[in-house]
Amino acid sequence: PKLLEKCSIPVKAVTTPVWDAGIDALEILLDDPAWGDRDTTLVLSSHYVRYAVLPKGEGLGEKERNDLARLIFRNIFGELAHDWEICVSPGGRQPTLASGIPRELLRKLRAICEGRAELTSIQAGLMPVFNRARLTIGKHSGVLALIEPGRITLATLNKGHWQSIISRAGEGSDLAGFLAESIQLPGVAPDENHGDALWVCDLGGNGGVALPPSPPWQITRLSVGPVLGDDISLADWGGP
């Protein structure tokens, strides 16, 4: 497969709910004959997704793992989690990642695509980034930093397995400070003997990322080219 064409539509306004402007832009794009009626994968910013790491679930069936995910989301995010659709990555023998997206946002995305495009997948933004970095991360320990305009997501991995994840408002210039604060939290710091790797994916693209000192961090910048693919290893909502 190769990239044939791409298009960017600036979103100028922010309304309530905050995703409305993006929904309107998507509708305009899919109404264009050049872009409508295509297989479509939607990748959502971490502004609209919440994450949680599930512990090892050996012996748990799918229903039990989903129930555990909902319980963890309620413990972390409170009553807000009742309005989210939660999807759990495949797994069981190792900690896995779960993602939550507001049901109303998913409903609107599916409604916009109906009759305009063949919606094949709705993905949390961290998913294609991790899939692209999978071989680079391997069995190493460290922190994967996903930087978007207005938000930073820090995922800690121990020997290639999920350990913790934090997503908070901020800009690339805040990365070094956020990282220093986050790794002081219980259960967040990676393995002290192998946790000096930092994988940085800057989707802001403005070069304003404040990197921490190297050493001690072994910093790898990840490519921000096309990140979509068929390998879906994290939570995926699928089509309608």
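For the structure, check the block above.
What you see is a predicted model, and the numbers here were worked out from it, not measured in a lab.

A.B. asks: Please give an account of unusual backbone geometry that cites residues and values.
C.D. replies: With glycine set apart, most residues show a phi of negative sign, and most peptide bonds adopt trans. Of note in this structure, Asp 37 is not a glycine but carries a positive phi near 60°. Inspection of the secondary structure assignment puts Asp 37 in the loop between α1 (20–31) and β1 (39–44). Under the relative-accessibility criterion, Asp 37 is labelled exposed at 69%.

A.B. asks: I'd like a description of helix α2 (residues 62–77), backed by residues and values.
C.D. replies: Here α2 is 16 residues long and its end C-alpha atoms lie 22 Å apart, about the 22 Å a rise of 1.5 Å per residue gives. Three or more residues of α2 are buried, namely Arg 65, Ala 69, Ile 72 and Phe 73. Down the axis, α2 shows its buried residues gathered within 100° of arc, on one side only. More than 90 degrees from the buried face of α2, the exposed residues found are Lys 63 and Asn 75. Residues of α2 that are buried make contact with β2 (50–54), β3 (84–88) and β4 (96–102).

A.B. asks: Explain helix α3 (residues 103–113) to me, and be specific about the residues and the numbers.
C.D. replies: Restricting attention to buried positions, one finds in α3 the residues Leu 105, Leu 106, Leu 109, Arg 110, Ile 112 and Cys 113. What you see down the axis of α3 is that its buried residues fit within an arc of 160°, all on one side. Looking at the buried residues of α3, the elements they touch are α1, β1, β3, β4 and β5 (118–124). Gly 115 sits one or two residues past α3 and shows a positive phi near 80°.

Conventions and cut-offs
- Residues numbered from 1 in each chain as written.
- Predicted model: local features only at pLDDT ≥ 70, side-chain atom pairs only at ≥ 80, totals over all residues.
- Heavy atoms only, no water.
- Helix = DSSP H or I, 4+ residues; strand = E, 2+ residues; numbered from the N terminus.
- Buried < 20%, exposed > 50% of the residue type's maximum accessible area, 1.4 Å probe, protein only.
- Expected span 1.5 Å × (residues − 1).
- Arc of directions from axis to C-beta.
- Contact = heavy atoms within 4.5 Å.

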